[in-house]
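Understanding the architecture of this molecule
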Amino acid sequence: MGLFNYFKRFGKSARELRTEESRRRAQEEDLEIYSGMQVEVASDDGRIFLTAVLVELRGDRALLEPQSEGNLLAGTEDPIPVVLRGYSSMENKAVVIQGTLRPSPNGMWQAENLALVKRVNERAFFRVDTNIDVGITPMGSFSATEESCKLLNMSVGGVCIGAKRRYNVGDKFILQAKLIPELESSLMFCQILRIIERKHDYFEYGCRFLQLTSSDEDRILQIIFDLQRKKR
């Protein structure tokens, strides 16, 4: 009875506490599957500090290995609250994790008090608006020529392009784009999923990427993060 009253004084029964502890352990174990995931590190109000890779993820702690030069955390010594956003190829889901960040030796950052906020079953969770001149070449035709068009936005799963030529749902093409000035042009295989006719002889095409590997997804996500940082 005494032990029961002890737990009741804190407003929770022993069973409730055991359930919470089980959930906490399960959540920490879940986090470990995200070791190696590329993430965007941001403040609560959406300011992007840096992009990094989660490494040595154990329980609610991990190291962050920066993937881009320069960040808004330079000179920071005290732990600060952050939001980590990444894309799990294993689960095909966007992932949001909260925690705190502080400096660690060798240019790394120590992430602590990590807790899973949500998993979103939607690749478009990471989508960035763009206005980039790109070229598309239809697949399956020896006489196909490249057409200039606009890349309107992109996500981990695909792109939206604007073009004057009329294509059909299901058509496949090769997209060539210089997404970041300092990078070489990228070649991506795409397929049209939907068509919006904006005006006479101008169409917007929602497309998915084809034949993506995990490394391809990581590269696209890094480009999206870099584009987001440049827009801020």
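You'll find the structure just up there.
The text that follows walks through the structure, step by step, so that each part is easy to find. Each residue is numbered by its place in its chain's sequence as written, counting from 1. Whole-chain, interface and lining totals are the exception, using all residues; otherwise, since this is a predicted model, local features are given only for residues with pLDDT of at least 70 and side-chain atom pairs are given and counted only at 80 or more. Excluded from the side-chain calculations are hydrogens and water; all other atoms, namely the structure's heavy atoms, are used.

Section: the side chain of Q110
Along the chain, Q110 falls in strand β6 (residues 109-120). Per-residue accessibility, obtained with a 1.4 Å probe over protein chains only, is compared with the maximum for each type, and a residue is labelled buried under 20%, exposed over 50%, and partly exposed between these values. The exposure class assigned to Q110 is buried, which follows from its relative accessible area of 15%. Of the polar contacts made by the side chain of Q110, one reaches the backbone oxygen of A62; its length is 3.1 Å. Dropping the residues within four chain positions of it, Q110 is found in contact with R61, A62, L63, T100, L101, R102, P103 and S104. Helix numbers and strand numbers start at the N terminus; a helix is a DSSP run of H or I with at least 4 residues, a strand a run of E with at least 2. Definition of a polar contact: a pair of N or O atoms within 3.5 Å, with one able to donate and the other able to accept a hydrogen when the atoms are protein atoms, and with sequence-neighbouring residues admitted only if both atoms are side-chain atoms. Only heavy atoms enter the contact rule, under which two residues are in contact if any of them lie within 4.5 Å.

Quick notes on the environment of P138
Among the structural elements, P138 can be located in strand β7 (residues 127-138). Judged by relative accessible area, P138 falls into the buried class, the value being 15%. Between the C-alpha atom of P138 and that of F173, which follows or precedes it by 35 residues, the distance is 4.1 Å.

Details of the environment of L227
You can see L227 is positioned in helix α3 (residues 214-231). Taking the relative accessible area as the measure of exposure, L227 reaches 10% and is therefore buried. Apart from residues no more than four positions distant in its own chain, L227 is found in contact with V128, T130, M154, L179 and I180.

What to know about the pairing of strand β8 (residues 147-155)
Most of β8 is tucked away, with seven of its nine residues classed as buried. Strands were regarded as paired on the criterion that DSSP finds at least two bridges between them. Where β7 and β8 come together, eight bridges link them in antiparallel fashion. By the bridge assignment, V134 is partnered in β8 with C149. The pairing of β8 with strand β9 (residues 158-163) spans four bridges and is antiparallel. Across the sheet, residue M154 finds its bridge partner in β9, namely V159.

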